[in-house]
Amino acid sequence: MTTATRQRSEAILLPLLGVVVVLAAFEIAPRIGVLPRQSFPPVSEIFGSLADLIAAGELWTPIVQTLDGWLRAMLIASVIAIPVGMLMGASRVGALTLRLPVEFLRPIPSVALIPVLILLYGPQGSALKIALGAFGATFPLLFQASYGIADIDPVARDTARAFGLKFRQRLRHLVLPTMLPYLATGFRLSAAVALILVITGEYIVGVPGLGREVLTSQSAGAYSQMYGLIIAAGLLGLAVNIGLQAAERRVLRWHPSQRARLEGRTP
Amino acid sequence: MTMSRIGSGARRAQGTAMGGLTRSRVGRIVLQLLLPTALVLAWWWTSRGSTSYFWPPLTDVIGSIRSDWLFDQFMTDLVPSLVRFTLGYFLAVGVGIAAGTLIGLLPRLRRATSPVTEFVRAIPPPLLLPFVIVTLGIGDFSKVVVIALGAVWPVLLNTVDGVRSVDRLTVDMARSFGLGPLRRIVHVILPGASPQITVGMRIGLAVALILMIISEMVGSTNGLGFRVLDAQRSFDSAGTYGGVIVIGIVGLIVNAGFLVAEARIMRWYRGSRGLLDG
């Protein structure tokens, strides 16, 4: 075997081996009593109950509920974060005025807001998880928007002004192309945070969605189902991330970082 | 020449009113304090005399912070929270750096573990809580484990990346000078990876804080998270707002402490990159 083919087969075989070893370990350990079988069922049972949930069609409703909350949270976060971030990045006055409130709000662990949100929205409606997700998702996007607009090439800006470009033209040809890569990164970071917080709200408070399903199966002692749902949540997180990466590649097809990737160079 | 004068003239004309404010030291301070002061005043003004359960007067909120946290619940709730947080976080940092270094140094191990680490990282950290509660119960130990289990991934994955990106030439140089593997790791590889490791530690810090609060909201009898949720459940709305503010302040202090420590420990790095003193 040549070095190249060996490397290629290693690139496929090793990850596979890793997955198989971990799965086998968690299959065998509960069966031989290394892990308590009562609270830690073998993986085959976990995947079995996940398959049961899918077959019974009981997985889709909570996933749709979770994604619905996530989408609304992202929408609210964008409406707040992008204008505020642009203001902070584009103007010194804006940056100075907004700095302290933003720096004070950012390190607050977002889950600390849960009790206040229960107070304001009640424990049942999806407003709670949407507000929680929106709060957490605002900050990554806000900072990316401010970096993005601050990155506008001053020469290009002056040129646009000298040529008398209208506001809409400036937005289309100057602001948007500079900001988009930053916003794409911001969306990806915010999306992960929002999804985590939406599911957290569901799990802690019992708002309908994937998180509440975990909570109910935990209280019912249906542990293999509980683990199955946790795995489903992880897969959902992966899917959202992969989906956004693909969207980023499409939208930024023209951008040097993506062109370099397409041509096989590292940017 | 003419072009640039037109440009700068336009900009100067545009920014005169506010330009003066941002240039003077006092003006900058005034600008920075403007919005926070306005917000606090607005809160105080709109909530003054309010009898609404959802919108308690700001003075009541401040009163509840003073009566609850100075220092009634300081030893019984704040200190246990911080102890569990510290133990869990440093456990995560230790394990994350050790395992991350090992994985980063062994490319085959990295290939074999990457699908598993990528997947575990994708699981929302708060969902580690049901897993740990079911296996370890709800004691102090299980809370420390939850915090560590959530915070370890950003540290580990960033350490892997940091170790991989250490300059090969430096490592080979150290080897040819006869440094053994352990000394190479301590003196060459870890310092080289440390900028990336600190990035991971900072992300881990935020995750650890979140898990500290969450783990106290489910099946607990003390701690910051327990107190705020308890205040909400006993219809003490001023106490709820007060508790959230206290958690916010704790978050601020922990983050500021991290930044100070990072600045001290990483001083050599910024010096080597010419980033000190402006």
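Residues numbered from 1 in each chain as written. Chains lettered and ligands numbered in written order. Predicted model: local features only at pLDDT ≥ 70, side-chain atom pairs only at ≥ 80, totals over all residues.

Draft legend 1. Up close: the overall build of chain A. A count of helices and strands for chain A gives eleven helices and zero strands. Listing the helices and strands of chain A from first to last along the sequence gives α-α-α-α-α-α-α-α-α-α-α. Its C-alpha atoms give chain A a radius of gyration of 23 Å, clearly above 18 Å, the size a compact globule of 267 residues would have. With the principal axes as the frame, chain A shows a C-alpha extent of 75 × 65 × 30 Å. Buried positions account for 38% of the 267 residues belonging to chain A. Here the contacts in chain A between residues at least 6 apart in sequence split such that 70% fall between residues at least 24 apart. (Helix = DSSP H or I, 4+ residues; strand = E, 2+ residues; numbered from the N terminus. Rg over C-alpha atoms; globule rule 2.2 N^0.38 Å. Buried ≥ 20, exposed ≤ 12 C-beta atoms within 10 Å, placed from the backbone. Contact = placed C-beta atoms within 7 Å.)

Draft legend 2. Layout of the overall build of chain B. Along its length, chain B carries 13 helices and zero strands. Mapped from its N terminus to its C terminus, chain B presents α and β elements in the order α-α-α-α-α-α-α-α-α-α-α-α-α. Taking 278 residues into account, the globule formula puts the C-alpha radius of gyration at 19 Å, and chain B, at 25 Å, lies well above it. Taken along its principal axes, the extent of the C-alpha atoms in chain B is 75 × 75 × 30 Å. Evaluated residue by residue, chain B yields a buried proportion of 37% over its 278 residues. Of the contacts made within chain B by residues no fewer than 6 positions apart, 71% connect residues no fewer than 24 positions apart.

Draft legend 3. Region of interest: the packing of helix α9 (residues 210-219) of chain A against helix α10 (residues 223-251) of chain A. Residues and elements named next belong to chain A. Between α9 and α10, whose axes approach to 8 Å, the crossing angle comes to 165°. By the angle between their directions, the pair α9 and α10 is classed as roughly antiparallel. As for the relative orientation of α9 and α10, their crossing is left-handed in sense. In this structure, α9 contributes Leu-210, Glu-213, Val-214, Ser-217 and Gln-218 to the contact, and α10 contributes Gln-225, Met-226, Leu-229, Ile-230, Ala-232 and Ala-233. Here the residues of the contact of α9 with α10 sort into seven nonpolar, three polar and one charged. (Axes fitted to C-alpha atoms, helices over the stretch in contact; angles between N-to-C directions. Parallel < 35°, antiparallel > 145°, perpendicular 65-115°, else oblique. Left-handed = near helix turned anticlockwise from the far one by under 90°. Nonpolar A, V, L, I, M, F, W, Y, C, P; charged D, E, K, R; others polar.)

Draft legend 4. Representation of the interface of chain B and chain A within the structure. Taken together, the contact between chain B and chain A spans 51 residues of the former and 51 residues of the latter. For the side of chain B that touches chain A, the secondary structure elements donating two or more residues are α1 (2-14), α2 (16-23), α3 (25-47), α6 (107-122), α7 (128-136), α10 (181-217), α11 (224-233) and α12 (237-265) of chain B. It is α12(B) that provides the largest number of residues to the side of chain B that touches chain A, a total of ten residues. Grouping the constituent residues of the side of chain B that touches chain A by class yields 35 nonpolar, 13 polar and three charged.

Draft legend 5. Inspection of α10(B) at higher detail. All names here are of chain B. Here α10 contains 37 residues, and its C-alpha end-to-end distance of 45 Å is more than 12% below the 54 Å for a straight helix at 1.5 Å per residue. Of all bends in α10, the biggest is about 55°, found at Ser-194, and the proline Pro-195 comes one to four residues later. Gly-219 occupies a position one or two residues after α10 and carries a positive phi of about 55°. (Expected span 1.5 Å × (residues − 1). Bend = angle between axes of the 7 residues up to and from the residue.)

Draft legend 6. Up close: helix α2 (residues 43-55) of chain A. All names here are of chain A. The first and last C-alpha atoms of α2 sit 18 Å apart over 13 residues, in line with the 18 Å expected at 1.5 Å per residue. Three or more residues of α2 are buried, namely Val-43, Ile-46 and Leu-50. Projection of α2 onto a plane perpendicular to its axis shows the buried side chains occupying an angular sector of 60°, all on one side. Counted as exposed and oriented over 90 degrees from the buried face of α2: Ser-44, Ala-51 and Ala-55. In the core, the buried residues of α2 are packed alongside α1 (3-32) and α10. (Arc of directions from axis to C-beta.)

Draft legend 7. Quick look at the confidence of the model for chain A. In the predicted model, chain A carries a mean pLDDT of 88, and 95% of its residues have values of at least 70. Across chain A, helix α3 (residues 60-90) of chain A holds the top mean pLDDT of 95, while helix α11 (residues 256-262) of chain A sits lowest at 65. (pLDDT = per-residue confidence, 0-100.)

Draft legend 8. Focus on the nonpolar core. Grouped together as the largest cluster of nonpolar side chains are 120 residues, with contacts concentrated most on A:Ala194, B:Ile147, B:Ala208 and B:Ile213. Ranked by residue count, the leading element in this core is helix α8 (residues 167-205) of chain A, at 17 residues. When near neighbours in sequence (up to four residues on either side) are disregarded, B:Ile147 contacts B:Arg84, B:Phe85, B:Gly88, B:Tyr89, B:Ala208, B:Leu211, B:Met212 and B:Ser215. (Core = buried A, V, L, I, M, F, W, Y, C linked by C-beta atoms within 7 Å.)

Draft legend 9. Main features of the packing of α7(B) against helix α8 (residues 140-164) of chain B. Residues and elements named next belong to chain B. Taken N-terminus to C-terminus, the directions of α7 and α8 make an angle of 145°; their axes are 10 Å apart at the nearest point. For α7 against α8, the interelement crossing comes out right-handed. Packed against α7, whose contacting residues are Leu-128, Leu-129, Val-132, Ile-133 and Leu-136, the element α8 presents Phe-141, Ser-142, Val-145, Val-146, Leu-149 and Gly-150 at the interface. Looking at side-chain class alone, the contact of α7 with α8 contains nine nonpolar, two polar and no charged residues.

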